[in-house]
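A look at the structure
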Amino acid sequence: MKSSMSKIDEIGRREFIANAAKTCLGVGLMPMAGSYIHNSVNALIPGARPAKARYVIYLNMAGAMSHLDTFGPKPDCPDIQGPTKAIKTSADGVILSENLPRTAQHMHNSAVIRTCVSSQGAHEQASYLMHTSYLKRGTISHPTFGSWVAKLSGQINRTIPMNVRIGGGGNLGAGFLESKYGPLPIGNPKAGLANSKKAEYLDDQQFGNRIAMAQNMNSTFTGRFPQKKVRAYTDLYKDAVKLMKSKDLQAFDITKEPEQMHALYGDSNFGQGCLLARRLIENQVRYVEVTRGGWDTHDDNFNRVSENCADMDQALSALLMDLEIRGLLKETLVVLTSEFGRTPNINPRDGRDHWPFCFTAFMAGGAVKGGTVFGESDNTGRNVAQGKSVSPADLNATIAYALGLPLNDVQYSPSGRPFTVAHKGEPLFEVLA
Amino acid sequence: MVWFRAGILFVLAGFCLVAWAQETFRKFTTTTGQAFTGRVLSYEGRTFYFQGKDGKLYPVPYDRLSTPDKSYLIKLVQEKKLPKGKPQTAKPPVQNGKKDDTSSQTGSDNAEKLKPPPPPKPQFRPGSFFSYIPVPLGQDPAEALAHSSTDSTPQEVGETSADAGGMPGPDEPIDFEKHLMPMIEESCLDCHGAPYVKNGRTIPPKAGLRLDSHEWIIKGNLDGAIVSPGSLDESTLYQVITLDPDDPEIMPPKGEPWDDEQISVLERWILEGAKPRPDAPSLATKSKPVESKTEPDSSVSRLDVIGKKVRPASRPQLEAAMKSGALVSPLSEKHSLVRVEFSSAAYQTTDSDLSLFSNLKNNISHLDLSKTKISDQALGTVQGYRNLVWLSLRNTQIGDRGLESLAKMEELTYINLVGTKVTDKGLESLSLIKSLEEVYLWNSKVSEKGVENLRNTLPEVKIIF
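What counts, and at which threshold
- Residues numbered from 1 in each chain as written.
- Chains lettered and ligands numbered in written order.
- Predicted model: local features only at pLDDT ≥ 70, side-chain atom pairs only at ≥ 80, totals over all residues.
- Heavy atoms only, no water.
- Helix = DSSP H or I, 4+ residues; strand = E, 2+ residues; numbered from the N terminus.
- Buried < 20%, exposed > 50% of the residue type's maximum accessible area, 1.4 Å probe, protein only.
- Contact = heavy atoms within 4.5 Å.
- Areas by Shrake-Rupley, 256 points an atom, 1.4 Å probe, with all protein chains shown as cover.
- Phe/Tyr/Trp six-rings, centres within 6.5 Å; stacked < 30°, edge-to-face > 60°.
- Lys NZ or Arg CZ within 6 Å of the ring centre and 35° of its normal.
- Axes fitted to C-alpha atoms, helices over the stretch in contact; angles between N-to-C directions.
- Parallel < 35°, antiparallel > 145°, perpendicular 65-115°, else oblique.
- Left-handed = near helix turned anticlockwise from the far one by under 90°.
- Nonpolar A, V, L, I, M, F, W, Y, C, P; charged D, E, K, R; others polar.
- Salt bridge = Lys/Arg side-chain N within 4 Å of Asp/Glu carboxyl O.
- Expected span 1.5 Å × (residues − 1).
- Core = buried A, V, L, I, M, F, W, Y, C linked by side-chain atoms within 4.5 Å.

As a further point, take the overall build of chain B. In terms of regular secondary structure, chain B is built from 17 helices and 13 strands. Taken over 465 residues, chain B has a buried fraction of 46%. A separation threshold of at least 6 residues defines the contact pool for chain B, and within that pool the share at least 24 residues apart is 57%. Entry remark: accessible area of chain B is about 23,900 Å², with carbon and sulfur atoms responsible for 54%.

Glancing now at the packing of aromatic side chains. Given two aromatic rings, their pairing is described by the distance between the two centres and the angle made by the two planes. By the definition in use, this model includes 18 aromatic pairs over all chains. With a centroid separation of 5.1 Å and an interplanar angle of 70 degrees, the aromatic rings of tyrosine 134 of chain A and phenylalanine 419 of chain A are classed as edge-to-face. Residue tyrosine 134 of chain A is located in the loop between helix H3 (123-132) and helix H4 (145-152), and its partner phenylalanine 419 of chain A is located in strand E16 (residues 418-419); the two are separated by 285 residues in the primary sequence. Pairing phenylalanine 48 of chain B with tyrosine 62 of chain B gives two aromatic rings, centres 5.9 Å apart and planes at 35 degrees, and the pair type is tilted. Within this pair, whereas phenylalanine 48 of chain B is found in strand E3 (residues 47-52), its partner tyrosine 62 of chain B is found in the loop between strand E4 (57-61) and helix H2 (67-78), the two being separated by 14 residues in sequence. Taken individually, phenylalanine 48 of chain B and tyrosine 62 of chain B each receive the classification buried, so the pair is uniform in this respect. Three or more aromatic residues joined by ring pairs make a cluster, and in this case those are Tyr134, Trp148, Phe176 and Phe419 of chain A. When the ring centre of tyrosine 72 of chain B is taken as origin, the NZ or CZ atom of arginine 26 of chain B, which lies over that ring, is 3.9 Å away. Above the face of the phenylalanine 25 of chain B ring, lysine 53 of chain B is positioned so that its terminal group lies 4.9 Å from the ring centre.

Take the packing of H3 of chain A against helix H11 (residues 392-402) of chain A next. Residue and element names in this part refer to chain A. At a minimum axis distance of 7 Å, the contact between H3 and H11 shows a crossing angle of 30 degrees. Between H3 and H11, the angle falls in the class roughly parallel. The crossing of H3 and H11 is right-handed. Residue-level inspection shows Leu129, Met130, His131 and Thr132 of H3 in contact with H11, the latter providing Pro392, Leu395 and Asn396. When its residues are assigned to classes, the contact of H3 with H11 shows four nonpolar, three polar and no charged.

Moving on, we come to the pattern of salt bridges. Note on pairing: side chains with opposite charge can pair once their charged atoms come close. Counted under the stated rule, the structure contains 24 salt bridges over all chains. The partner of arginine 278 of chain A in a salt bridge is glutamate 282 of chain A, and the shortest N-O contact between them spans 2.7 Å. Of the two residues, arginine 278 of chain A and glutamate 282 of chain A both sit in helix H9 (residues 269-282), four residues apart, roughly one turn of that helix. Under the relative-accessibility criterion, arginine 278 of chain A is labelled buried at 0%. Taken together, the salt bridges that share partners define one network made up of Glu257, Arg278, Arg279, Glu282, Asp322 and Arg326 of chain A together with Arg394 of chain B.

Glancing now at helix H11 (residues 260-271) of chain B. All names here are of chain B. Here H11 spans 16 Å end to end across twelve residues, near enough to the 16 Å set by a 1.5 Å rise per residue. Of the positions making up H11, those classed as buried are Gln262, Ile263, Val265, Leu266, Arg268, Trp269 and Ile270. Where H11 is buried, its residues meet helix H7 (176-187), helix H9 (214-219) and helix H10 (236-242). Glycine 273, located one to two residues past H11, shows a positive phi value of around 110 degrees.

Right, let's get into the packing of H9 of chain A against helix H10 (residues 301-325) of chain A. Residue and element names in this part refer to chain A. At a minimum axis separation of 9 Å, H9 and H10 run at an interaxial angle of 15 degrees. The pairing of H9 with H10 is recorded here as roughly parallel in orientation. For the pair H9 and H10, the sense of crossing is right-handed. Residue-level inspection shows Phe270, Gly271, Cys274 and Arg278 of H9 in contact with H10, the latter providing Asp311, Met312, Ala315, Leu319, Asp322 and Leu323. Taken together, the residues that form the contact of H9 with H10 break down as six nonpolar, one polar and three charged.

Another point: the nonpolar core. Residue and element names in this part refer to chain A. In this structure, Leu59, Phe71, Met312 and Val334 are the most contacted members of the largest nonpolar core, which totals 49 residues. Broken down by element, the residue count for this core peaks at nine residues, all from H10. If sequence neighbours within four positions are ignored, leucine 59 has contacts with Phe270, Cys274, Val290, Leu316, Leu319, Val334, Val335, Leu336 and Thr337.

Honestly, it's all geometry; don't read function into it.
Pasting the structure below:
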């Protein structure tokens, strides 16, 4: 296909695409142009303490994972536990469900919070709260936690984006922060960037605005090539990606990994997503979220959870091991949780329904106090019995604290209302090293 | 009941006064900035009685008045120029007299009932937010709607809070009408009351938010709910009241912020489920366990110690160093140490880029050179970074020659040599670094034997190979 772009000279075209990519994707392609220099110290506000972690891999178990059949088993309460058994782990006295035999071997580097509480019991609202620390409200569009991390970690024209989202997981973006901090979405990890869709949170209007910005940057080009004739976003995106593929963004190309690496993570989408996440972390992407859906087990909970766990357990343990041998686990925080948990009661369809009142989060990495279990539910598994309730904001505050981000740095929405990285969450120091 | 309400309406319509005439007419201002002209006639409790230019009697709670007005009135009282008690009227308000005899309320509550007549009821476009009457859960809509047509008039609000006031006992469940509503009436309804008609235009409440009944508070505004039962964190209502007094969003925006006692009433109400009325007296409040919060400290102490020894880097110094393409970031607000990461343009970074750091060399505690094109020579420069604690040389061309330069490092605890050319010989240099805690050697050229030897000389060190 002969693109209309080819009418203009190659240099103009490259520049235009590079600029468009920078504005559309938050990705700088041409460091030679000098723009990659971090020229503003002001952008960086140090946190209260030195960062223990520099990177986050957030594993989002969308649809709400059954905590009872994974990280929070209650073997002493057979009527709520159902057929799932508990197993010992590499950390003394810590148990996990039998669905996680490989992850169990990493417990000495990991912590489990067993008193997560969300105020929302519907997927969308709860996921919003988990991702932003704020309640979904009518007027404000809050930035995702990853966007906050990108913003506060001091991204200034870097060559690759700081915030990547693999495998779906909603269409929340940078909210009222500059859109370049929003996640670069990658639908299928195996295809890397090439087959990525246009970010859903970029509507056409926004895209138009960005093209306009790109135009300003390259007025000679656009002077000869009026905007309305510019090809559709997706084509542009592909061109940009081709450029990236050449050299800068091999980070996104998991085909560069040896066969045994693919095998280690497993062939599932989630496994390959975790492999990509590790590759990105190796290339200093600050925040990677990998989503694994399929946890909404209102029916047939026990079979489905154990099937899901087969690839989740393999991918998670592979990820932890791979990060460790590369010396990256020390600086990476791996977090696994879901928007809420599932009912202790088993419903007549052998399923579990939504339960936001007490569920679990898993954390691993150098910033984490290994082998810790924080809190416990009561004997019916229904409510928090020991330890305080950990809200989504508290969980995000814990991550932000480990990253050394300033928890009280205020960013203003367009209407001048103040917001902070983890809302009013308090770090859970008990799980941090 | 009907008779009673009619009585109040009668009072509200105003009445003729026996003239007092001691004080002159004067302009008074309220805390919310409203002004009126009148003369003060007498006082009772915390209520002052004013005569307006129209000759009518206006009771005004003391607390509503601006500070200059308050001092003016205090002075009159101190000089005994003002009579006590309600002014004599031609037709004394029978109902109120009765009520006063039987209740122990202060005059200000009484005054709440003496509001001017209700403004005409506004008409709303069909579909307008305010044209929906909120129906509480579990109530028959027809019944609720019938109730509400008379319910939302101002007098009724005054009346429901007639037995209001006072703070709940520590173990008494919060009664919305009795404990919370009077405080909201007092400080919020000037701005968040029912919409009213002024000069033919409907004036909506501020932020489109009505707070004049339990249902409206639960309903919130178009932005969403402002109360999330059981959760203070998610309750905007609680948040806006407990904001820092300088915060532009604090409510009320003017006048005194709520005090701790008032806030605790709101807090308890929300935690108890934000109910229209308390469940049963026996279901007392559940107390929140107090958590001790200790920040983990020990493991950063090395950085704390070093950080205090070093002079902070200046802005120009940091900016000059940034020219290398590295991200140079202060380690924390308490430290003069910096972290240097060549993440953006690693593959173009060469030995010469490190020359830009000569002014910062004592400040660098973390150095990420992974994937850069630096050579063994560069480590000769790095050797001068006396306070280096963390060094990543992952996937570089570094070999044994380079490591020789590091043998004298004194603070280095972490070194990443994954994917480098380091061999067993290089490990001998490492074994001289006594501060080491973690060494990563995967995918380098070292042998099992070499690692074994290193483990023997540095038994405490975590070595991943």
